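# Structural description and commentary
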Amino acid sequence: MIISEFDIIFAGGGTTACVVAGRLAAWDPSLSILILEGGQHTLNQAAHVQPYQYPIHQVRTSTTMTFNVGNPSPRLNGRAPIVPCAHCIGGGSSVNAMFYTRAPASDFDDWEAEGWDSENLIPLMKKLETYEVQPNSPTHGYSGPIKVSSGGCKIGASEEFIRVGTTYHKRQYVEDTDDLETCNTYSPWAKYINGTTGRRSDAAHHYVYNQAHNANLQIWVGKRVKRVIFQDKRAVGVEFTSDPVSCPDAGQSSIIVRASKLVVVSAGAFGSPAILERSGIGAEEILKRCNIEQLVDLPGVGENYRDHNGVFVPYFAADEAITMDPLWLGKESVVQENLAQWKIDGKSLIAQNGSDAKIKWRPDDDELKAMGSIFQSRWKEFFQDRPDKAVAIFALCAGTAGSRLRDLPARNYMIACCFTLYPVSAGSVHIKLDENGQEGIDFNTGYLDDPSDIVPLNFGYKKMREIFRRMPSYRGEVPAGHPRFPKGSAAVCRETTGPVDMNASDLIYTAEDNEAIDRYHRDRMQTTWHSLGTCAMKPRADQGVVDARLNVYGVTNLKVADMSIAPKNVGTNTYSTALLIGEKAAIIIADELGIECRPCSELSWKSYRSRL
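Residues numbered from 1 in each chain as written. Predicted model: local features only at pLDDT ≥ 70, side-chain atom pairs only at ≥ 80, totals over all residues. Heavy atoms only, no water.

Moving on: the environment of P84. Relative to the elements of secondary structure, P84 occurs in strand β4 (residues 82–86). For P84, a relative accessible area of 8% corresponds to the buried category. Put simply, P84 and R60 are 24 residues apart on the chain and 9.3 Å apart in space, counted from C-alpha to C-alpha. If sequence neighbours within four positions are ignored, P84 has contacts with Q58, M65, T66, F67, N68, T527 and W529. (Helix = DSSP H or I, 4+ residues; strand = E, 2+ residues; numbered from the N terminus. Buried < 20%, exposed > 50% of the residue type's maximum accessible area, 1.4 Å probe, protein only. Contact = heavy atoms within 4.5 Å.)

Take helix α15 (residues 575–593) next. Since the α-helix advances by 3.6 residues per turn, residues separated by three or four positions end up pointing in the same direction. When the terminal C-alpha atoms of α15 are compared, their 27 Å separation across 19 residues agrees well with the 27 Å that a helix rising 1.5 Å per residue should span. Of all 19 residues that make up α15, 15 are buried, and the element is covered over most of its length. (Expected span 1.5 Å × (residues − 1).)

Further remarks concern the pattern of salt bridges. One pass over the full model with this rule turns up 26 salt bridges. A salt bridge links R470 to E466; the nearest nitrogen and oxygen atoms lie 2.7 Å apart. No difference in accessibility class separates R470 from E466, as the two residues are buried. Look at the salt bridges and you will find they share partners, linking R171, D364, E367 and K463 into a network. (Salt bridge = Lys/Arg side-chain N within 4 Å of Asp/Glu carboxyl O.)

Along the chain, T185 falls in the loop between α5 (156–167) and β7 (186–188). With sequence-adjacent residues up to four places away left out, T185 is seen in contact with Q172, V174, T177, K358, I359 and K360.

Another aspect to go through is the packing of helix α4 (residues 118–127) against α15. Two numbers describe how α4 lies on α15: the axes approach to 9 Å, and their chain directions differ by 110°. Classed by the angle they form, the pair α4 and α15 counts as roughly perpendicular. In the crossing of α4 with α15, the sense of the turn from one axis to the other is right-handed. Residues L121, L124, M125 and K127 of α4 form the contact with α15, whose participating residues are L580, E583, K584 and I587. The residue inventory of the contact of α4 with α15, partitioned by class, reads 5 nonpolar, no polar and 3 charged. (Axes fitted to C-alpha atoms, helices over the stretch in contact; angles between N-to-C directions. Parallel < 35°, antiparallel > 145°, perpendicular 65-115°, else oblique. Left-handed = near helix turned anticlockwise from the far one by under 90°. Nonpolar A, V, L, I, M, F, W, Y, C, P; charged D, E, K, R; others polar.)

As a further point, take the pairing of strand β18 (residues 428–433). Sheet analysis places β18 next to strand β19 (residues 439–444), joined by 6 bridges and oriented antiparallel. Its bridge partner being in β19, L433 is matched across the sheet by E439. Two successive antiparallel strands, β18 and β19, enclose a turn made up of 5 residues, where G437 displays a positive phi of approximately 80°. (Pairing = 2+ DSSP bridges.)

Moving on to the packing of aromatic side chains. For the structure on display, the rule yields 29 aromatic pairs. With centroids separated by 6.0 Å and ring planes inclined at 65°, the aromatic side chains of F383 and Y422 adopt a geometry described as edge-to-face. Residue F383 is found in helix α12 (residues 376–383), and its partner Y422 is found in the loop between β17 (413–420) and β18; the two are separated by 39 residues along the sequence. This pair shows no difference in class: F383 is buried, exactly as Y422 is. The structure contains a cluster of three or more aromatic residues connected by ring pairs, namely Y100, Y131, Y142, Y192 and Y575. In this arrangement the basic side chain of R378 is found over the ring face of F382, its NZ or CZ atom lying 4.3 Å from the centre. (Phe/Tyr/Trp six-rings, centres within 6.5 Å; stacked < 30°, edge-to-face > 60°. Lys NZ or Arg CZ within 6 Å of the ring centre and 35° of its normal.)

A word on the side chain of T574. Within the fold, T574 resides in the loop between β22 (558–560) and α15. Excluding residues that lie within four positions of it along the chain, T574 makes contacts with W529, H530, L532 and M563.

Note that H482 resides in the loop between β20 (474–477) and α14 (511–524). With 357 residues separating them along the chain, H482 and M125 place their C-alpha atoms 39 Å apart. Residues contacting H482, with those up to four places away along its chain left out, are V313, P314, Y315, Y461, E477, C493 and Y520. Separated by 2.8 Å, the side chain of H482 and the backbone oxygen of P314 make a polar contact. At 2.8 Å, the side chain of H482 and the side chain of Y461 are in polar contact. (Polar contact = N/O pair within 3.5 Å; in protein donor to acceptor, adjacent residues only side chain to side chain.)

Take the pairing of strand β14 (residues 309–317) next. Of all 9 residues in β14, 8 are buried, a share of seventy percent or more. Sheet analysis places β14 next to β17, joined by 8 bridges and oriented antiparallel. Paired with V311 across the two strands is C418, which belongs to β17. Bridge count for β14 against strand β21 (residues 526–527) is 2 bridges, and the pairing is antiparallel. Bridging across to β21, G310 finds its partner in Q526.

The contact between helix α1 (residues 15–27) and α15 brings their axes to 8 Å, and the two run at 35°. Of the two elements, α1 crosses α15, and the hand of that crossing is right-handed. Of the residues in α15, those touching α1 at T15, T16, V19, V20, R23, L24 and W27 are Y575, A578, L579, I581, G582, E583, A585, A586, I587, I589 and A590. Across the contact of α1 with α15, the residue classes break down as 13 nonpolar, 3 polar and 2 charged.

So this is what it looks like as structure tokens:
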């Protein structure tokens, strides 16, 4: 059944779709735009606008996330990893942990895509943000829709983390490591939180919900896009059904809606390749086994899956420490006290995510030597001559939000967070049919397939443990969340009464201890919710799916715009990159449609570098 026609249809309503649709609607209010999203609305809902509530979206019963189950991997000791992705308006921006991190500018130069170099993109990075942390920074913006602040209050444990890092770990301190090149120094960790209202700063509220007055911008929720409709390889619409998760009682009859100008697939690293494959665009073998007639032979669809590798290790914290645990455990008196303050001035722990400090870490010579020979070739090939690229982010979270740790006794905790930024391994995401003919997912994460990828995690565990042992709030390790060291080992984990001296000797790990750490990471290493790359912006001959104008190869009037187009990994939490892709995509589409958009007359990267 054909029900309507729009100028532009977005298949997916995540972060990037909201940015593109919102910009185009603002530049040309007469343009009829439809966003089709499988999940539900997030408008002014407490679970989405109150920052402290972000962990509830990770609960397996959540309908705001889709939990993608990967294939069992021998590199993960036979484990089948689970990788969530957002399932609501605003996508990841509505459910993420709001960490403000930006990739080094060189990451975008590495993409080697025309118009996507750092010189072209930095003005857009500035255009999208209002940086409330400090004034007059040449690489930050101060009038954009997305607010960046320090959050609603300071957490003392993060200050301890920085103090130990600069003393024991012997790294410097700077105020800003998100200036597009600085790393390997301790710094505060800013947040995508409005410093005035204390609300989450997401793409849904700041690009599309704020244009409710425009009847030409429509958002239909609970709609699962099945495929793109073509006429002679020209995209002319999409077919959708009711989403079985958001609308379990609705029928599954198909509806077609037409697009007169453009279809934009924006369903993320999992959804976008699936829509293309269901539309007949992909590798012949994949489509044939799903009984789909091939329209375009594009074997790169669903390949090049990338993520960051994360480990989150729990420690006991002092009773007097300020952590997020009482709020996350739902202690009513604490929640109400903080809510009352938040409603007055946007402050309190309601406007917190638990993390105020980080280091974008690179090993020094001694650390590199301790990491062993397996990592050396990767270091020399990728990191050694690129001082702006960190190997990993080390950080502290004051409180335990992880689902693995929900059964711990109610008290204060701290989490040592380590996630690697440029793992070598890559995976793939494809559709498949089960024995009953129902569509499923054939998902290989690739996690730890390359031997070098686990090395920074193993070293990071030891280094972070030494940092935490020296923090005043430290009260020992939570044994259930650490490696199982052999009985009698000096590394055995236990609760303690306080920290060790700043000048104490480091723990000594035996060969058996090292095996326990390696086994622990294969058992526990997880996603950082930064999936990307599965519709890569690369040459078609190099398994590319879209060109530099985001056009899908082999067809017309069809683009992809989301994190799936990233051809290589980025050294950042990916919300910043998803916003950036949206801003760039909006300009590309406006240019092709003859729509005048607001120019970016910002300081260029070359101009900034010339001032240093």
